[in-house]
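For reference, the chains in residue letters:
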Amino acid sequence: MPLSSHRRLAVSATLIAALAAGVVPATSAFAAPGAPVTPTAAETPAVPAPDMDGVVAALNSAMANGAPGAMARFVGPDGVRSRTVGVQDRVSGAPMDIHSRFRIGSVSKTFSTVVLLQLVEEGKLQLDTSVNTYLPGLLPDDRITVRHLLSHRSGLADYTNAMFEHTVPGFEAVRNRVFSYQELVDLSLSEPRTTQPGVSYQYSNANFVVVGMLIEKLTGRPVADAYERRIFKPLKLGRTSYVHPETRIKGAHVRGYLHPDEEGGALVDSTEQTVSWAQSAGAVISSPADLNTFTSALMRGRLLSPAMMEAMTTVTPTDATNTRFYGLGLRRYNLSCGTQVYGHTGTVQGFYTYTFSTRDGRRSVSAMANTSNHGAANTALGGTLEAAFCGKKPAPAASSRAAASPTARDLTSLPAERDLPERH
Ligand code: REY
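Notes on the structure follow. (Residues numbered from 1 in each chain as written. Predicted model: local features only at pLDDT ≥ 70, side-chain atom pairs only at ≥ 80, totals over all residues. Heavy atoms only, no water.)

**Comments concerning helix H14 (residues 375-390)**
Here H14 is 16 residues long and its end C-alpha atoms lie 23 Å apart, about the 22 Å a rise of 1.5 Å per residue gives. Burial analysis of H14 places 14 of its 16 residues in the buried class, the great majority of the element. One or two steps after H14, the chain reaches Gly391, where phi turns positive at roughly 75°. (Helix = DSSP H or I, 4+ residues; strand = E, 2+ residues; numbered from the N terminus. Expected span 1.5 Å × (residues − 1). Buried < 20%, exposed > 50% of the residue type's maximum accessible area, 1.4 Å probe, protein only.)

This is the structure:
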């Protein structure tokens, strides 16, 4: 796993003086173990300035692909830069507002993982122990461990594929429903399992429903309390909430618009729903600033011990491009400029979300578009990451243009994780 950059860059005041005096080779190993020290300008690798024109182009492209609006918020060493396009409400015409709340879908999985890994730190459970040890008889296979859930290697089928096979009718059938966790697990178990435990990565909401059950069993309290006490309050995430099964988003918020399966069909306002079909796998509400704070704080080690961060950021590939990976409740993308970013994507009816941070937590991006079931909009929104983290691309020389094999920019057109053909 990558060492945290602040450690790699750690440098003591003595060393700065020594370097200045020329008595220590610049390449020597240094720094008292564990001493967190601010990196010097000389030691800090050049960080590309975010290409905010590129960010806007990605947001506009999300709109050109059917999103009523979109927004992105970048935080870096030079401060905060936000961009919004389009509307957050098609009826009132209210413009997209960077302070508004929205449904973050599966970014919720990272929140649930933080809670569960804190419980591991506290000795309440172990990653490589059978889930059935903690929830006796729940799963049909004692070999399924807690780590298999968090890394999507349990083989528990994703019941949402059948639930949302027909997008709008599927959504309308559940938008006001309240499921128990057990009902969702039963839906998953009514389908064949997708892999032997541990053998392969198969993304499934069922895994994080079981994570929610574990949290409630081990804390004796609803997951909402755990999120609140362990993450929202300590990080002062004032616009982040978990209100299941309440259907409304409180405060100023974005309205979400679901694309029907029929090309050209009218958008469905999907803002109000219980999200009970996802719960601990996808029902958190947040805002761009809160998501930046969360991912940066996580990467800076403010929520988990180094051992748990190591577990969370130990990744395996999720596709053949070798640019996309999954750890524990956390994605890693390798961007075209060599920068690796950690975070999650989210898809819940009417809302696409990306939130990612560099490993040192010094740069983060959160982006959203208020539509879903329209893969091209999601892929376009993902372009904000390349633009913000990699900066402006040098214009290709005329001669190399013709020969161009996939370049930097082409990476932005990779499909988003929840955007693979079999899903939409
Ligand atoms: C569920 C369907 C997507 C969304 C999902 N989201 O599993 C979790 C995630 C929480 O990973 C829906 N798609 C859409 C369909 C496809 O209905 N027929 O795009 O709104 O974020």
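What follows picks up the thread again.
**Looking at the packing of aromatic side chains**
Per the stated rule, a full pass over the model turns up eight aromatic pairs. Ring centres 3.8 Å apart and planes at 10° place the aromatic pair Phe111 and Phe294 in the stacked group. Taken as a pair, Phe111 in helix H4 (residues 108-121) and Phe294 in helix H12 (residues 288-299) lie far apart in primary sequence, 183 residues in all. The same class applies to Phe111 as to Phe294, namely buried. Seen from their ring centres, Tyr201 and Tyr326 are 5.6 Å apart, and the 45° between their planes marks the pair as tilted. Taken together, the residues span a long stretch of sequence, with Tyr201 in the loop between helix H9 (181-189) and helix H10 (205-219) and Tyr326 in strand S8 (residues 324-326) at a distance of 125 residues. The pair Tyr201 / Tyr326 is uniform in exposure class, with both members buried. These aromatic residues form a ring-pair network of at least three members: Phe111, Tyr227, Phe232, Tyr242 and Phe294. For the cation-ring pair, Arg324 lies above Tyr333, with the distance from its terminal atom to the ring centre recorded as 4.1 Å. (Phe/Tyr/Trp six-rings, centres within 6.5 Å; stacked < 30°, edge-to-face > 60°. Lys NZ or Arg CZ within 6 Å of the ring centre and 35° of its normal.)

**Quick notes on the pattern of salt bridges**
A complete count under the given rule lists 14 salt bridges for this structure. With a shortest N-O distance of 3.5 Å, Lys392 and Asp53 are connected by a salt bridge. Separated by 339 residues along the polypeptide, Lys392 in the loop between H14 and helix H15 (398-403) and Asp53 in helix H3 (residues 52-64) bring together distant segments of the chain. Here the two residues Lys392 and Asp53 agree in accessibility, since each one is exposed. One salt bridge connects Asp269 with Arg255, and the closest N-O pair in it is separated by 2.7 Å. Here Asp269 is found in strand S5 (residues 268-269), whereas its partner Arg255 is found in the loop between helix H11 (223-232) and strand S4 (257-258), with 14 residues between them in sequence. Residue Asp269 is classed as partly exposed on the basis of its relative accessible area of 26%. (Salt bridge = Lys/Arg side-chain N within 4 Å of Asp/Glu carboxyl O.)

**With respect to the side chain of Arg363**
Relative to the helices and strands, Arg363 resides in the loop between strand S11 (351-358) and strand S12 (364-369). Here Arg363 occupies a buried position and makes no salt bridge, while the nearest side chain of opposite charge, Asp360, is found at 6.0 Å. The residues touching Arg363, leaving out its near neighbours within four places in the chain, are Val47, Pro48, Phe74, Val75, Gly76, Pro77, Thr339, Phe356, Ser357, Thr358, Ala388 and Phe389. (Lys, Arg positive; Asp, Glu negative; His and termini not counted. Contact = heavy atoms within 4.5 Å.)

**Focus: the side chain of Asp360**
Of note, Asp360 is situated in the loop between S11 and S12. The side chain of Asp360 is buried and forms no salt bridge, while Arg362, the nearest opposite charge, is found at 4.6 Å. One polar contact links Asp360 to Thr358, side chain to side chain, over a distance of 2.7 Å. At a separation of 2.9 Å, a polar atom in the side chain of Asp360 contacts the main-chain amide nitrogen of Arg362. (Polar contact = N/O pair within 3.5 Å; in protein donor to acceptor, adjacent residues only side chain to side chain.)

**Structural notes on the sheet that holds S4**
Read from one edge to the other, the open sheet built from three strands follows the order S5-S4-S13, with strand pairing classed as mixed. Of all strands in the sheet, those bounded by a partner on one side alone are S5 and strand S13 (371-372). In this structure, S4 lies alongside S13, joined through two bridges in parallel fashion. The residue of S13 that forms the bridge with Leu258 is Ser372. (Pairing = 2+ DSSP bridges.)

**Here we look at empty space enclosed by the protein**
The full count for this structure, using the stated rule, is two cavities of 30 Å³ or more. Considering only enclosed or pocket space, the second largest cavity measures out at about 30 Å³ in volume. Forming the walls of the second largest cavity are Met52, Val55, Ala72, Arg73, Phe74, Arg81, Val365, Thr384 and Ala388. Elements supplying a minimum of two residues to the lining of the second largest cavity: H3, strand S1 (69-76) and H14. With three residues, S1 is the single largest residue contributor to the lining of the second largest cavity. (1 Å grid on protein atoms, 1.4 Å probe; cavity = no way out; pocket = protein on both sides within 12 Å on 5 of 7 lines; lining within 4 Å. Points joined across faces, edges and corners; volume = space filled by probe spheres on them.)

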